[in-house]
Number of protein chains: 2
Amino acid sequence: MTAHANRQLKLAARPFGLPKDSDFEIVAGEVGEPGEGEVLVRVIYLSLDPAMRGWMNEGKSYVRPVRIGEVMRALGLGQVVASGDARFAVGDYVVGLTGVQEMALLQAKDLTPAIPKAAPLPSFLGGLGMPGLTAYFGLLDICAPKPGETVVISGAAGAVGGVVGQIAKLKGCRAVGIAGGAEKCAYVRDELGFDACIDYKAGDLNAGLKEHCPDGIDCYFDNVGGETLDTVLRRINVFARIAFCGAISIYNATEPPAGPKNYLSLLANRAKVQGFIVFDFQDRYPQAIQDLAGWYAEGKLKFREHVVEGRLDDFRDTLVMLFEGRNFGKLVLQIGQP
Amino acid sequence: MTAHANRQLKLAARPFGLPKDSDFEIVAGEVGEPGEGEVLVRVIYLSLDPAMRGWMNEGKSYVRPVRIGEVMRALGLGQVVASGDARFAVGDYVVGLTGVQEMALLQAKDLTPAIPKAAPLPSFLGGLGMPGLTAYFGLLDICAPKPGETVVISGAAGAVGGVVGQIAKLKGCRAVGIAGGAEKCAYVRDELGFDACIDYKAGDLNAGLKEHCPDGIDCYFDNVGGETLDTVLRRINVFARIAFCGAISIYNATEPPAGPKNYLSLLANRAKVQGFIVFDFQDRYPQAIQDLAGWYAEGKLKFREHVVEGRLDDFRDTLVMLFEGRNFGKLVLQIGQP
């Protein structure tokens, strides 16, 4: 049995606030050949996701926390170098929970194929991957917007938000993004085709919402939580639906964050806030992927990936880019050659 | 045309915090005979509802605010003294938005009959009226509990909460109330048949929920908002549903109340909070009333009314009882003889 050299990034301590270098350690080791039903994958791209911050915390959540000393959980895209399963051959590209490591021994049943001819490989971690699916189900199932309604999206230049607004447009809605900075807003408006994008760093969000949502807000797809959510609550319509997808603004909070003080608006407007996780829609992935890939092929859906070329050692610095809003599009760390 | 003497309580100023005597004024006047489609009603019982506090505020809500100088809005029960509509005869008892006044000229189409033989008259403002319907739709439609699930109810000794828990029991759920004081808790547990009731004034609500909801919380029917909501959020299960019916704890707040800081729990648990108003279910009132009256007749549903005998002038003092938790059961002010 051949042993393959591997390097793994493990969680060394539970971060307090923004993760520090000392919260991780890199360990060299070896990985063996795949057994029956397994494949050995050389990891090329690692997906950096806001949710990773939650996985590092103790406490009950939708997945168990990463244990101290365990390889950091991550979605990744890689190439099969050895296969013990008929579904994948050497050379195939696959997406799955590779973890933050250079080589990953994985169950074939947990992997999905990535088709290089269909789209750039990193987009299988973006618009054609989990972020795209998250956008799809959160918007269409939780918000269920009707043509003519106004959909507001925070994190609009992000991997999820960008897709949400484009699907909203495809469904005949008014799409209004919220993003940080003029460059991101220009991209959201001019390239992704949102009706408007409000730069929350430039001024008064409430005034921006008032201007760009003259008929109020029917749906809000929330990726950020915090004060943005609180401000949106002031401007929602009767029967508004808020898909609560993420709260990146408070994931690194070192003291309990304030709650949305305008929550009474839910009562006055008979509105709902609903948290969701893409994994709950697993049985409907095939249809969603077909829709997303179809729209992409027709040029109706655009994605943008922000690829950082580096090594395993750059994981922390790259992750922090997310929380500081320094990425522009789906953030991936490239640690190998495609 | 005969003129009938009337006294009306009008909103004189928008209250800041708890309403004061000077926020109202009583005006004597006259009311004429009913025209076509109208009935003249002698008001007997006035319903005191937490929502009244919101109606006194300016700002957008589910109904327009009561204007300064306008008769205070109220549900009431009275007897028809003159009728211009075939649906109601002199002597009939009716329920409707009478306002806080002794005589009310109302559209017959906006009234529902109260049947003295079926139940004590005040219960048509309680368990067989809006509070009962609110409990019915909020629990069955918004929470939609399944047999075996745990339903937590705040304001459990109140007009709405008491009915919610009893319906939850009828549907095979575990019903856990939250109420203020040992006497109310004993009533909720021993008379209404909840599985448990936590006295929030007596100690640690979180510990109480932990003890009495060993399998977590699947549904929460919230009448109070504030810290109670925040504490419940810590103990909800995956796919929990929160029916947001009221927030009596903050209706009289004189500065912006804190929001629920544990709102991230909605995300981790893919849970929802949904505001609702009973009026949105109007087309289904007949079925609901039939169910409620049926359960009541079979002895499966108990209500309790807290009748304050007084006059129009006692409106403010009686209303304040609600916000200080001094009522025990559905609070009504009796201003006339049945």
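Reading the values: the criteria
Residues numbered from 1 in each chain as written. Chains lettered and ligands numbered in written order. Predicted model: local features only at pLDDT ≥ 70, side-chain atom pairs only at ≥ 80, totals over all residues. Heavy atoms only, no water. Phe/Tyr/Trp six-rings, centres within 6.5 Å; stacked < 30°, edge-to-face > 60°. Helix = DSSP H or I, 4+ residues; strand = E, 2+ residues; numbered from the N terminus. Buried < 20%, exposed > 50% of the residue type's maximum accessible area, 1.4 Å probe, protein only. Least-squares fit on C-alpha atoms with pLDDT ≥ 70 in both. Contact = heavy atoms within 4.5 Å. Pairing = 2+ DSSP bridges. Axes fitted to C-alpha atoms, helices over the stretch in contact; angles between N-to-C directions. Buried area = accessible area lost by both parts, 1.4 Å probe. Salt bridge = Lys/Arg side-chain N within 4 Å of Asp/Glu carboxyl O. Polar contact = N/O pair within 3.5 Å; in protein donor to acceptor, adjacent residues only side chain to side chain. Domains from an automatic or database assignment. Nonpolar A, V, L, I, M, F, W, Y, C, P; charged D, E, K, R; others polar. Parallel < 35°, antiparallel > 145°, perpendicular 65-115°, else oblique.

Participant: When you look at the packing of aromatic side chains in this model, what are you seeing that I'm missing?
Facilitator: Any pair of aromatic rings gets described here by the distance separating the centres and the angle formed by the planes. For the coordinates displayed, the defined rule picks out 18 aromatic pairs over all chains. Plain terms: the ring middles of Tyr 263 of chain A and Phe 244 of chain B are 5.7 Å apart, the flat faces sit at 15° to each other, and that makes the pair stacked. On the criterion of chain membership, the pair formed by Tyr 263 of chain A in the loop between β12 (236-244) and α7 (264-268) and Phe 244 of chain B in strand β12 (residues 236-244) is interchain, its members lying in two chains. The pair formed by Tyr 263 of chain A and Phe 244 of chain B is uniform in burial state, with each residue classed as buried. On the basis of an interplanar angle of 40° and a centroid distance of 6.2 Å, the ring pair of Tyr 136 of chain B and Trp 295 of chain B is categorised as tilted. Of the two residues, Tyr 136 of chain B sits in helix α2 (residues 130-143) while Trp 295 of chain B sits in helix α8 (residues 285-297), which places them 159 residues apart along the sequence.

Participant: Explain the relation of the copies chain A and chain B to me, please; I cannot follow it from the model alone.
Facilitator: You can overlay chain A on chain B at an RMSD of 0.0 Å; the transform is a turn of 180° with a shift of 0.0 Å along its axis. Such values leave the two copies arranged in the relation of a two-fold axis. Identified as the residue of chain A closest to the rotation axis by C-alpha distance is Gly 259 of chain A, at 2.0 Å. Interface overlap between copies is the fraction of interface residues in one copy that are interface residues in the other; for chain A against chain B it reaches 100%, indicating a shared surface.

Participant: Explain the sheet that holds strand β13 (residues 272-275) of chain A to me, please; I cannot follow it from the model alone.
Facilitator: The strands that make up a sheet are held in pairs by hydrogen bonds between backbone atoms, and each pair lies either parallel or antiparallel. The strand order β10(A)-β9(A)-β8(A)-β11(A)-β12(A)-β13(A)-β13(B)-β12(B)-β11(B)-β8(B)-β9(B)-β10(B) describes an open sheet built from twelve strands, whose pairing is mixed. The open sheet terminates on both sides in strands that have one partner only, identified here as β10 (196-199) of chain A together with β10 (196-199) of chain B. Put simply, the sheet's adjacent strands are angled 15° from each other on average, direction ignored. Those strands touched by helix α3 (residues 159-170) of chain A are β8 (150-154), β9 (174-179) and β11 (217-222) of chain A, and its axis lies near 170° from that of β8 of chain A. Where helix α6 (residues 226-233) of chain A meets the sheet, its contacts fall on β8, β9, β11 and β12 of chain A, and the angle it forms with β11 of chain A comes to roughly 170°.

Participant: Which parts of the structure should I look at to understand the pairing of β10 of chain A?
Facilitator: For a regular strand, side-chain orientation follows a simple rule: the groups alternate between the two sheet faces. Residue and element names in this part refer to chain A. Side chains of β10 alternate between two faces, with Ala 196 and Ile 198 and Cys 197 and Asp 199 buried alike. The pairing of β9 with β10 spans four bridges and is parallel. By the bridge assignment, Ile 178 is partnered in β10 with Ile 198.

Participant: Help me understand the interface of chain A and chain B in this model?
Facilitator: Think of interface size as the accessible area that goes away when the parts come together; that is how it is often given. Contacts between the two partners involve 36 residues from chain A, matched on the other side by 36 residues from chain B. Of the roughly 2,700 Å² buried between chain A and chain B on both sides combined, carbon and sulfur atoms contribute 64%. Contact with chain B buries area across many residues of chain A, yet Tyr 263, Leu 267 and Arg 270 of chain A alone supply 26% of it, more than any other trio. Across the contact surface, chain A and chain B share two salt bridges. The shortest N-O distance in the salt bridge between Arg 270 of chain A and Asp 280 of chain B comes to 2.7 Å. In this structure, the connection of chain A to chain B is made through seven residue pairs in polar contact (both at pLDDT 80 or more).

Participant: Please explain the domain arrangement of chain A as it appears in this structure.
Facilitator: Residues and elements named next belong to chain A. Taken as a whole, chain A is organised into domain 1 (4-126 + 303-334) and domain 2 (130-279). The distance between the C-alpha centroids of domain 1 and domain 2 comes to 28 Å. Listed by partner, the interface residues are 20 residues for domain 1 and 16 residues for domain 2. For the pairing of domain 1 and domain 2, the buried interface totals around 1,600 Å² over both sides, and the portion due to carbon and sulfur atoms is 66%. Counting across the interface, domain 1 meets domain 2 through zero salt bridges. The tally of links from domain 1 across to domain 2 stands at four residue pairs in polar contact (both at pLDDT 80 or more). For the side of domain 1 that touches domain 2, the secondary structure elements donating two or more residues are α1 (51-55) and α9 (315-323). Here the side of domain 1 that touches domain 2 is built from residues that sort into twelve nonpolar, five polar and three charged.

Participant: Would you explain the packing of helix α2 (residues 130-143) of chain A against helix α8 (residues 285-297) of chain A in this entry?
Facilitator: Describing two packed helices takes the angle between their axes plus the distance from one axis to the other. All names here are of chain A. One way to put it is that α2 packs onto α8 with a least axis distance of 10 Å and a crossing angle of 105°. It follows from the interaxial angle that α2 and α8 lie roughly perpendicular. Along the contact surface, α2 presents Met 130, Gly 132, Leu 133, Tyr 136 and Phe 137, while α8 presents Tyr 285, Gln 287, Ala 288, Ile 289, Asp 291, Leu 292 and Trp 295.

Participant: Please explain the environment of Ala 258 of chain B as it appears in this structure.
Facilitator: Residue position: Ala 258 of chain B is located in the loop between β12 and α7 (264-268). Sequence separation between Ala 258 of chain B and Asp 230 of chain B is 28 residues, and the spatial gap between their C-alpha atoms is 10.0 Å. Excluding residues within four positions of it along the chain, Ala 258 of chain B makes contact with Lys 261 and Tyr 263 of chain A.

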